[in-house]
Amino acid sequence: MKERALKAAGQLRASAGSSLKSWQDSAARQVENIRRTAAQRSQPLTQPAMEAANEFNSPEEPPEEPAADSFSQYAEQAREHAQTYWKQAEDYIRENPTKGALIALGAGFVLGSLFRR
């Protein structure tokens, strides 16, 4: 009885192993087919995109300022605007404490209702 069970378990293991291997092979073929099809379908878009990228990166006209500098300037402007709006909000709350408290209460209620769901 024990020998039959061991033999059946071995056969089951072998069958599962071969099924897994065939499934893996099939999945690998499907992935390769999808990759090949995607490459073929994207080919008409690739060439114009490469030409545009080469044109953008051409050394004929160097950019006036690096992108990092431009980003830093925008970040600084955003920080200054945020500080200005924060200062205005503080001034408004100091001038109108009751309204400020009611607005905060309303905002808390709305946010609490949204996050509760």
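These numbers come from a predicted model, not from an experiment. (Residues numbered from 1 in each chain as written. Predicted model: local features only at pLDDT ≥ 70, side-chain atom pairs only at ≥ 80, totals over all residues. Heavy atoms only, no water.)

1. Considering the overall build of the protein
Okay, so step 1: Along the protein, the regular secondary structure elements total three helices and zero strands.
Okay, so step 2: Put simply, the protein runs from its N terminus to its C terminus through helices and strands in the order α-α-α.
Okay, so step 3: Here the protein, with 117 residues, has 2% of them falling under the buried criterion.
Okay, so step 4: Of the roughly 11,100 Å² of accessible surface on the protein, 61% is carried by carbon and sulfur atoms. (Helix = DSSP H or I, 4+ residues; strand = E, 2+ residues; numbered from the N terminus. Buried < 20%, exposed > 50% of the residue type's maximum accessible area, 1.4 Å probe, protein only. Areas by Shrake-Rupley, 256 points an atom, 1.4 Å probe, with all protein chains shown as cover.)

2. Remarks on the confidence of the model for the protein
Okay, so step 1: With 72% of its residues at a pLDDT of 70 or more, the protein has an overall mean of 77.
Okay, so step 2: The secondary-structure element of the protein with the lowest mean pLDDT is helix 1 (residues 2-56), recorded at 71, while helix 3 (residues 97-116) shows the highest, at 89. (pLDDT = per-residue confidence, 0-100.)

3. Side note on the pattern of salt bridges
Okay, so step 1: Within this structure, the stated rule accounts for two salt bridges.
Okay, so step 2: Put simply, glutamate 76 and arginine 79 hold a salt bridge, and the shortest N to O gap is 2.4 Å. Highlighted residues: glutamate 76 and arginine 79, both in helix 2 (residues 67-95), separated by three residues, approximately one helical turn.
Okay, so step 3: In this structure, the salt-bridge partner of aspartate 91 is lysine 87, at a minimum N-O distance of 3.3 Å. A residue pair is termed a helical-turn pair when its members lie 3 or 4 positions apart in one helix, as aspartate 91 and lysine 87 do in helix 2 at four residues.
Okay, so step 4: What makes lysine 87 partly exposed here is its relative accessible area of 44%. (Salt bridge = Lys/Arg side-chain N within 4 Å of Asp/Glu carboxyl O.)

4. Notes on a nonpolar patch on the surface
Okay, so step 1: Residues Phe109, Val110, Leu111, Leu114 and Phe115 make up a contiguous nonpolar surface patch of about 600 Å² in total accessible area.
Okay, so step 2: Within the secondary structure, phenylalanine 115 is located in helix 3. (Patch = residues over 30% accessible without salt bridge, like charges linked within 9 Å, V, L, I, M, F, W, Y side chains within 5 Å.)

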